[in-house]
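Read off the chains here:
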Amino acid sequence: MSRVGVRCDVGPTRGIGHVMRCLALAEELQRRGLTVDFICDADTVPWAAAQLTARGITIRPAVWTPAEHVEVLSRYDAVVFDSYDLDAAVYSAVHSSGLPTLAIVDGDFRGAVADVLVDQNLAAELDHPVLPPDSVRLAGLDYVLIRDEIRALRPVDPPAARVVDVPKVFAFFGGTDAFGAGPAVVRALAATGVPFDATVVAPTPELAAQITAVSSLVNVIAPTDRLAAAVREADVTISASGTSTWELLCLGATAGLVCVVDNQVMGYERAIATGTAAGVGVLSQLQADPTAAAAVLKRLLTDSAERTRLAAAGWRMVDGQGRVRVADALLHLIS
């Protein structure tokens, strides 16, 4: 039985986006009979660690130096990297050891050297970066890594129009909401002046208290294993413009995106430009003044035709089969 090691970022400030997309690939590899271990600090985010453990995935402590990586990964038949934090020398050392390598990137390779480079971002196939020697690049939404939970609830047909008097809103910002987007978005929702029924995920008691202070009418919950179901039940879903964006499109959600950090700018701008999501705003601007965000949200809450258009456009962009294509490439390396 082949073994794959996944070396990815995770943490209270880094979030869980890297873990979630690697988990999608791990589910596909497990389905094909491979064993997958994660080498990361997942225990720093208990919810993320629980997701891995529930799938029978062993979590090994993160290592940092090139030599440590070569030693730890020597027990595997292939490695998947998904990191903004690793030094470029780590990739070179592991690749030079002869171990088949696949690296998940977002535009900038950040020095990654690998046999296969996967950039699952919208319109990435239109970019033409200089590749490391003998590397293959898989780019665009055809390679989005979607988890079982999302795939199971993807609608068979494009979402139909749904007219409601009080729209349901679901908002979440990763497993940690490290930058406090939740309270800012609730403030913008309140500023719309129109009725809504909102549920917001707050990963910490402090964030929950801040959200409740803005509006006691909002239902505040902890991170949930029913995320996909909550998205399907909502009329509008608001999220950070990171990895979860492609999950929302796959589910046919009416998505309002918040650009939380700089590395999300590309995905944010491209999703808005292609009409697959609404741009709620850049978090720093939203926190300073919710007026512009409130205008965007008011339209989403009151215009059912716009909600339907966005949902259908996104549904057509992500078919949920990207992880199958990426797994095929990785297994080709192993074979």
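What counts, and at which threshold
Residues numbered from 1 in each chain as written. Predicted model: local features only at pLDDT ≥ 70, side-chain atom pairs only at ≥ 80, totals over all residues. Heavy atoms only, no water. Helix = DSSP H or I, 4+ residues; strand = E, 2+ residues; numbered from the N terminus. 1 Å grid on protein atoms, 1.4 Å probe; cavity = no way out; pocket = protein on both sides within 12 Å on 5 of 7 lines; lining within 4 Å. Points joined across faces, edges and corners; volume = space filled by probe spheres on them. Nonpolar A, V, L, I, M, F, W, Y, C, P; charged D, E, K, R; others polar. Pairing = 2+ DSSP bridges. Axes fitted to C-alpha atoms, helices over the stretch in contact; angles between N-to-C directions. Salt bridge = Lys/Arg side-chain N within 4 Å of Asp/Glu carboxyl O. Buried < 20%, exposed > 50% of the residue type's maximum accessible area, 1.4 Å probe, protein only.

1. Comments concerning unusual backbone geometry
And then number 1: Backbone geometry at Asp134 places phi at a positive 65 degrees, although glycine is not the residue there.
And then number 2: Mapped onto the secondary structure, Asp134 falls in the loop between β6 (116-119) and β7 (136-139).
And then number 3: Backbone geometry at Asp177 places phi at a positive 45 degrees, although glycine is not the residue there.
And then number 4: You can see Asp177 is positioned in the loop between β8 (168-172) and α6 (181-191).

2. Focus: the layout of surface pockets
And then number 1: The calculated volume of the largest pocket comes to roughly 820 Å³.
And then number 2: Contributing to the lining of the largest pocket are 43 residues, with Gly17, Gly174, Gly242, Thr243 and Gln264 lying nearest its centre.
And then number 3: Going through the elements one at a time, α1 (17-31), α2 (46-54), β11 (236-240), α9 (244-250) and α10 (265-273) are the ones with two or more residues in the lining of the largest pocket.
And then number 4: Among the elements that take part in the lining of the largest pocket, α1 stands out by supplying four residues, more than any other.
And then number 5: Here the lining of the largest pocket is built from residues that sort into 16 nonpolar, 19 polar and eight charged.

3. Some remarks on the sheet that holds strand β3 (residues 58-60)
And then number 1: Spatially, seven strands are ordered β3-β2-β1-β4-β5-β6-β7 in an open sheet, and the strand pairing comes out parallel. Both outer strands of the open sheet, β3 and β7, are each paired with one neighbouring strand and no more. Across this sheet, the average inter-strand angle for adjacent strands is 20 degrees, counted without regard to direction.
And then number 2: As paired strands, strand β2 (residues 35-39) and β3 are joined by three bridges and run parallel to one another. Looking across to β3, one finds that Phe38 is bridged to Ile59.

4. Thoughts on the pattern of salt bridges
And then number 1: Applying the stated criterion across every chain yields a total of 22 salt bridges.
And then number 2: Of the charged contacts in the structure, one is a salt bridge between Glu27 and Arg323, with a shortest N-O distance of 3.1 Å. Of this pair, Glu27 sits in helix α1 while Arg323 sits in helix α14 (residues 322-334), placing them 296 residues apart in sequence. Here Glu27 and Arg323 have matching classes, each one buried.
And then number 3: Among the ionic pairs, Arg226 bridges to Glu233, the shortest N-O distance being 3.0 Å.

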